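Below, each chain spelled out in residue letters.
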Amino acid sequence: MTPSIIDTLVQLRGIESDFVDAYGRPTTVHPGTKEKLLSVMGYDVNILSHLEQQLTQEIDDVWMTPLNPVQVLRDGDQVAFAVRLPIELVTEAVKFTVTFESGEIHEFTTQLVDHELVNVSDVEGAEFQEYIVQLDINLPHGYHSLILAMDDDDVIGHGRLIQAPNACYTPTAIAEGKKIWGLSIQLYCVRSENNWGIGDFSDLTYLIHKAADQGADFVGLNPIHALYPNEPDACSPYSPSSRKWLNHLYIDVTSVSGFSAQSIQALVTDPEFTHKLAHTRAIEYIDYDAVAALKMPVLHALYIENKTNKALQAELDAFIINGGKSLQTLIRYDALQADLKAQQLECWGWPVFPEQYQDADAPGVVKFAEENADAIRFYGFLQFLAAQQFAQASQAAQDRKMIIGLYRDLAVGVSEGSAEIWGAKDLYVTSASVGAPPDILGPLGQNWGLPPKDPKKLYEQAYQPIVDLFASNMRDSGALRIDHAMALLRLWWVTKGDSADKGGYVYYPVDDLLGILALESHRNQTLIIGEDLGTVPEEIREKLADNGVYSYRVFFFEQAKDGGFFSPSHYPVQSMSTLTIHDFPTLSGYWHCNDLELGKELGLYPTEEILQPLYVSRHDNKQQILNTLHGHGAISHNVSHQVEHVGMTQELNYGMQTHMATGSSALLSLQLEDWLQMDKPVNIPGTFKEYPNWKRKLSRNLEDIFSKPEIVELAQNIDAARRNASA
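Residues numbered from 1 in each chain as written. Predicted model: local features only at pLDDT ≥ 70, side-chain atom pairs only at ≥ 80, totals over all residues. Heavy atoms only, no water.

Draft legend 1. Up close: the pairing of strand 11 (residues 180–185). Extensive coverage of strand 11 is indicated by the burial of six of its six residues. Bridge analysis of strand 11 against strand 24 (residues 667–671) gives five bridges, and the strand direction is parallel. Looking at strand 24, one finds that Ser-184 is bridged to Gln-671. Pairing geometry for strand 11 and strand 12 (residues 218–221), over four bridges, is parallel. From the neighbouring strand, Ser-184 faces strand 12, where its bridge partner is Gly-220. What joins strand 11 to strand 12 is helix 5 (residues 201–214), and the crossover it makes is right-handed. (Buried < 20%, exposed > 50% of the residue type's maximum accessible area, 1.4 Å probe, protein only. Helix = DSSP H or I, 4+ residues; strand = E, 2+ residues; numbered from the N terminus. Pairing = 2+ DSSP bridges. Right-handed = clockwise from strand over helix to strand, strands pointing away.)

Draft legend 2. The arrangement of empty space enclosed by the protein in detail. One pass over the full model with this rule turns up eight cavities of 30 Å³ or more. Its volume calculated, the largest cavity comes out at about 250 Å³. What lines the largest cavity is a set of 22 residues, among which Arg-243, Val-412, Lys-453, Ile-466 and Ala-487 lie closest to the centre. With three residues, the single largest contributor to the lining of the largest cavity is helix 14 (residues 464–474). Looking at the lining of the largest cavity residue by residue, the class counts come to 17 nonpolar, two polar and three charged. Residue lining of the second largest cavity: 18 residues in total, with Ser-184, Gln-186, Leu-221, Tyr-552 and His-582 positioned closest to the centre. Those elements giving two or more residues to the lining of the second largest cavity turn out to be strand 11, strand 12, strand 15 (405–410) and strand 24. (1 Å grid on protein atoms, 1.4 Å probe; cavity = no way out; pocket = protein on both sides within 12 Å on 5 of 7 lines; lining within 4 Å. Points joined across faces, edges and corners; volume = space filled by probe spheres on them. Nonpolar A, V, L, I, M, F, W, Y, C, P; charged D, E, K, R; others polar.)

Draft legend 3. A look at the sheet that holds strand 10 (residues 155–164). The strand order across the open sheet built from five strands is 3-10-9-5-6, with neighbouring strands paired in mixed fashion. Each edge of the open sheet carries a strand with a single partner, namely strand 3 (71–74) and strand 6 (105–111). Pairwise comparison of adjacent strand axes, ignoring direction, gives a mean angle of 25° for this sheet. (Axes fitted to C-alpha atoms, helices over the stretch in contact; angles between N-to-C directions.)

Draft legend 4. Broad picture of the packing of helix 18 (residues 594–601) against helix 19 (residues 608–631). Running from N to C, helix 18 and helix 19 cross one another at 175°; their axes reach a closest spacing of 11 Å. By the criterion of interaxial angle, the relationship of helix 18 to helix 19 is roughly antiparallel. Across the interface between the two elements, Asp-595, Leu-596, Glu-597 and Lys-600 from helix 18 touch Glu-608, Leu-611, Leu-614, Tyr-615 and Arg-618 from helix 19. Counted by class, the contact of helix 18 with helix 19 contains four nonpolar, no polar and five charged residues. (Parallel < 35°, antiparallel > 145°, perpendicular 65-115°, else oblique. Contact = heavy atoms within 4.5 Å.)

Draft legend 5. Geometry of the packing of aromatic side chains. Summed over the entire model, instances satisfying the criterion amount to 28 aromatic pairs. With a centroid separation of 5.3 Å and an interplanar angle of 85°, the aromatic rings of Phe-19 and Tyr-505 are classed as edge-to-face. Linking Phe-19 in strand 1 (residues 18–20) with Tyr-505 in strand 20 (residues 504–507), this pair joins segments that are 486 residues apart in sequence. Neither residue differs from the other here; Phe-19 and Tyr-505 are each classed as buried. When the centroid spacing of 5.7 Å and the interplanar angle of 85° are considered together, the rings of Phe-218 and Tyr-407 count as edge-to-face. Within this pair, whereas Phe-218 is found in strand 12, its partner Tyr-407 is found in strand 15, the two being separated by 189 residues in sequence. One exposure class covers both Phe-218 and Tyr-407, and it is buried. Taken together, the aromatic side chains of Phe-555, Phe-556, Phe-557, Phe-565, Phe-584 and Tyr-590 make up a single cluster linked through ring pairs. Over the face of the ring belonging to Tyr-552 we find Arg-481, whose NZ or CZ atom lies 4.8 Å from the ring centre. (Phe/Tyr/Trp six-rings, centres within 6.5 Å; stacked < 30°, edge-to-face > 60°. Lys NZ or Arg CZ within 6 Å of the ring centre and 35° of its normal.)

Draft legend 6. Molecular detail of the sheet that holds strand 23 (residues 575–578). Ordered in space as 21-18-15-12-11-24-23-22, the eight strands form an open sheet in which the pairing is parallel. If you trace the sheet from one side to the other, it starts and ends with strand 21 (527–530) and strand 22 (551–554), each paired once. Averaged over all adjacent pairs, the angle separating strand axes in this sheet is 25°, with direction ignored. In terms of strand pairing, strand 15 meets strand 18 (residues 479–482) through four bridges, oriented parallel.

Draft legend 7. Main features of a negative patch on the surface. There is a patch of like negative charges on the surface, built from Glu-88, Glu-92, Asp-151, Asp-152 and Asp-154. Mapped onto the secondary structure, Asp-152 falls in the loop between strand 9 (142–150) and strand 10. (Patch = residues over 30% accessible without salt bridge, like charges linked within 9 Å, V, L, I, M, F, W, Y side chains within 5 Å. Areas by Shrake-Rupley, 256 points an atom, 1.4 Å probe, with all protein chains shown as cover. Salt bridge = Lys/Arg side-chain N within 4 Å of Asp/Glu carboxyl O. Lys, Arg positive; Asp, Glu negative; His and termini not counted. Charge placed at Lys NZ, Arg CZ, Asp CG, Glu CD.)

Draft legend 8. Quick peek at the nonpolar core. Ranked by size, the top nonpolar core spans 200 residues in total, and within it Leu-204, Leu-517, Met-656 and Trp-675 carry the most contacts. Among the elements that take part in this core, helix 11 (residues 373–399) stands out by supplying 12 residues, more than any other. Those residues in contact with Met-656 that lie beyond four places of it in its chain are Phe-555, Phe-556, Leu-579, Leu-587, Ile-625, Leu-629 and Met-648. Counting residues in hydrophobic clusters, the runner-up holds 22 residues, among them Leu-73, Val-90, Leu-135 and Leu-161. (Core = buried A, V, L, I, M, F, W, Y, C linked by side-chain atoms within 4.5 Å.)

Draft legend 9. Layout of unusual backbone geometry. Not every positive phi belongs to a glycine, and Ala-462 is a case in point at roughly 55°. Relative to the elements of secondary structure, Ala-462 occurs in the loop between helix 13 (455–460) and helix 14. Looking at Ala-462, the relative accessible area reads 13%, which means it is buried. At Gln-525, a position not held by glycine, the phi torsion is positive, near 50°. One can find Gln-525 in the loop between helix 15 (510–524) and strand 21.

Draft legend 10. Structural detail: the packing of helix 9 (residues 310–342) against helix 11. Packing of helix 9 against helix 11 leaves a shortest axis separation of 7 Å and a crossing angle of 120°. One element, helix 9, and the other, helix 11, form an angle in the oblique class. Relative to helix 11, the crossing made by helix 9 is right-handed. Its residues placed into classes, the contact of helix 9 with helix 11 shows 15 nonpolar, five polar and five charged. (Left-handed = near helix turned anticlockwise from the far one by under 90°.)

Spelled out as structure tokens, the structure:
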């Protein structure tokens, strides 16, 4: 096959042939990877004539489309955009109409020949010319429409102009140098005296108040995206059904209007119910099926109870209308899945739905929606309650004058069978998955089972899906962490059937996406943190920093070439620092090598040749940590200088956390698990059923944590260290 056609398409579609891996080594993708990636993008790579025809058609389609779908501009940019027309029209008068988001209209009449000619092409025997048109107009920040018409008002082109700030939002106090701190939690892990076996939004509100009492300025969360009401054990927060909506299991049922009604109380005071509730609260690991079995019948009863609540029904109507197609897609999906499950049909996701339900807009789905409107509205009710309770938690943080308040986490994608893909199959490449090449977190590479967005389709849709995604996740949030921030630049695609190491990078329009991120950041007054771990080119870190995105610095990854750990005082100011993360062991687990033992048991480290170097490396790293802590006076001489004599103790644990608080990062996030000196991880990457991921609860009830004198003292020391670092 002629390699030039493949090479041309590889370049056009942003597929990278060579990259630098996590260990700094130049690497080339496996043979055949480029062809496989082009194939899942829709190209017939096996028949040369078909491939040539596809390439020609794509190029011709661009030339015959007068305006690009979208142009992202930053402050200081000239309003300029490409226009393509047949040669016979370039001397004709044309009219550009720019309609601001506010509705304000500006019109410009001109001829293309009066502007800069940049390209010429032959399309089916006709000459087309491309010009760069500049308009003398000051665009306000926002999303504006552009229409191209001939002098007789015949509209021949539509486009979008997005005007964005040069950098993301930073709160004034942080911009002025204040160093802040907060707690990060996996909300589902929270134990409390009142929740129903899983952390909920009332627990979150309680934690906000307790954290604020200690001087914290934020509470960080795991992704709280919508999962699967009818598949409760599909519980990974990083494999959601929709990233635009919320997980209904976080609803505090007892706070819902109507809970005190006699009919509801009869349900929740039934001896069998109270016995199951007590058991579900008490167990060490979350039983998602049991939690759902408790919550869903009561929530449905509350839905019935509130049908006569006119004020609530009016709010629910408005919520569903404002939720638009995205909400309709989710709640139809949830109701349909419930119906299929009741029929004992396979229903884990849309790929196994009956044929008439395979597409969200199919006639069969429309008919189902008409016949099951009340069931669908119930799932809208759940989203309404979740949004309401989350907003109340956010308001509590504002009332306590927290600088950030709630800090959310945006997952990198959605699972293959999700509602989000069901409603946008033209946008997602379902024959591939997002993952990562081999690195320190995954020596064999990682396949996350999350189909990627097609960057070409995203562009053709004027980036509206990404606008909606950013806006929905910044709502009621003072900060947003972009999981795998590299997704703004490139994603590691793995085609179905291949191992993760045989994937390849596909590039995305990073400058445009950063512009939209900055715009939504300012609109929502949300600080942005980019998780930039793993295989990350230095130039993207610089680009993220220039765009006001805060770096994510994890202590265990901040090592010099000689093995020593960088002092947190040397971290970039424009960063959030932390000791460890959800994919890593807790401090106690790390120190006692529990993760390595578990990895051996679970087959992640199948041979001693693999495992022993990890133990040697861990021993060396622990010695370097002791050297760092003693060198900075973070721990006393009660803790030996020699790692052979040091187990994890409270002084060592708390000393590490206080040491981090002295650092230069503007934000410091600490895990509640480490305050409690827990040893079991919440997630082990590379495992599925082998380990109870996303289920391990906190070791203490929330109400008990802040009554412990050692916890209060730790918080005081951290707060004092942050104040000193701000000076």
